Amino acid sequence: QVQLVQSGAEVKKPGASVKVSCKASGYSFTDYEINWVRQANGQGLEWMGWMNVNSGNTGYAQKFHGRITMTRDTSISAAYMELSGLRSDDTAVYYCARGLRRPEYWGQGTLVTVSS
Amino acid sequence: QSALTQPASVSGSPGQSITISCTGTSSDIGDYNYVSWYQQHPGKAPKLLIYDVTYRPSGVSSRFSGSKSGNTASLTISGLQPADEADYYCSSFRNSGLWVFGGGTKLTVL
């Protein structure tokens, strides 16, 4: 069955970077895009960007330009989202999801806490 | 990148039908049939209910249906059940090549 398993919770200081992983199984990794969505506590969903896993091409929401990098390692079916220059308002649960038009499968979420 | 506009809350009684609207612009909902709807229960990942405006993934109840008119998409839930109480989000593709979510709607089943 299709599964996306994300890395564990992180606590970071302001200004630091965080790299969240999303390991896929149960399907051909390069056949689907991966996109990243975050959700601050009690807030709505926020789309961050996407990656064409086959080509490595990416598209990022303007809000995150210059701070976000999405990569993948096709040899182990893993996608990564790195966010730099962390601020307190980056504290959120970060999700990966398979596909753009039809994101049926989601990771379990990774809580990133930014605190001094 | 402003979000799509959804009502903050809607409510209904068991067995009733409700509709949640999602208003965008001619740069997103109005120009593309790439609208999705999600259900999210507290502490859980979002669940895809509708994609490409009207299509349901396998396993999603036929009580959930989607539509679009102009710049506004809608999610209708018929035969409301207590388990439908959750947050609902719409999303759409935008002509910038990116995606955007609505602010979310809290559904209360009275």
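Please refer to the structure placed before this passage.
Everything in this summary refers to the structure shown in the same document. This is a predicted model, so every value here is computed, not measured.

1. A few points about the interface of chain A and chain B
And step 1. At the interface, 20 residues of chain A touch 20 residues of chain B.
And step 2. Of the roughly 1700 Å² buried between chain A and chain B on both sides combined, carbon and sulfur atoms contribute 61%.
And step 3. There are one salt bridge connecting chain A and chain B.
And step 4. When the shortest N-O distance is used, the salt bridge between A:R101 and B:D52 registers 2.4 Å.
And step 5. Our count for the contact surface shared by chain A and chain B stands at five residue pairs in polar contact (both at pLDDT 80 or more).
And step 6. When residues in the side of chain A that touches chain B are grouped by element, the largest group, four residues, is from strand β5 (residues 45-51) of chain A.
And step 7. Here the residues of the side of chain A that touches chain B sort into 10 nonpolar, six polar and four charged.

2. Considerations on the pairing of strand β2 (residues 18-23) of chain B
All names here are of chain B.
And step 1. Here β2 shows one buried face, formed by I18, I20 and C22, and one open face, formed by T19, S21 and T23.
And step 2. Relative to strand β6 (residues 72-77), β2 runs antiparallel, the two being bridged by six bridges. Residue I18 lies in a different strand from β6, and its bridge partner there is I77.

3. A word on the side chain of B:Q6
All names here are of chain B.
And step 1. Tracing the chain through its elements places Q6 in the segment before β1 (9-12).
And step 2. Given a relative accessible area of 11%, Q6 falls into the buried group.
And step 3. Not counting residues up to four positions away in its chain, the partners in contact with Q6 are I20, S21, C22, W37, Y88, Y89, C90, G102, G103, G104 and T105.

4. Some points on the state of the cysteines
Residue and element names in this part refer to chain A.
And step 1. The tally for this structure, following the rule as stated, stands at two disulfides over all chains.
And step 2. There is a disulfide in this structure between C22 and C96, and the S-S distance comes to 2.1 Å. Around the S-S axis, the bridge from C22 to C96 shows a dihedral of about 75° and counts as right-handed. Placement of C22 in strand β3 (residues 18-25) and of C96 in strand β9 (residues 92-98) is noted, with a sequence separation of 74 residues between them.

5. Digging into the sheet that holds strand β1 (residues 3-6) of chain A
Residues and elements named next belong to chain A.
And step 1. Pairing is antiparallel across the open sheet formed by four strands, whose spatial order is β1-β3-β8-β7. The sheet terminates laterally at β1 and β7 (68-73), the two strands that pair on one side only. Going across the sheet, the axis of each strand differs from the next one's by a mean of 20°, ignoring polarity.
And step 2. One ladder, built from six bridges, connects β3 with strand β8 (residues 78-83); its direction is antiparallel. Paired with V20 across the two strands is M81, which belongs to β8.

Conventions and cut-offs
- Residues numbered from 1 in each chain as written.
- Chains lettered and ligands numbered in written order.
- Predicted model: local features only at pLDDT ≥ 70, side-chain atom pairs only at ≥ 80, totals over all residues.
- Heavy atoms only, no water.
- Contact = heavy atoms within 4.5 Å.
- Buried area = accessible area lost by both parts, 1.4 Å probe.
- Salt bridge = Lys/Arg side-chain N within 4 Å of Asp/Glu carboxyl O.
- Polar contact = N/O pair within 3.5 Å; in protein donor to acceptor, adjacent residues only side chain to side chain.
- Helix = DSSP H or I, 4+ residues; strand = E, 2+ residues; numbered from the N terminus.
- Nonpolar A, V, L, I, M, F, W, Y, C, P; charged D, E, K, R; others polar.
- Buried < 20%, exposed > 50% of the residue type's maximum accessible area, 1.4 Å probe, protein only.
- Pairing = 2+ DSSP bridges.
- Disulfide = S-S within 2.5 Å.
- Axes fitted to C-alpha atoms, helices over the stretch in contact; angles between N-to-C directions.

Worth remembering: the numbers are spatial, not functional.
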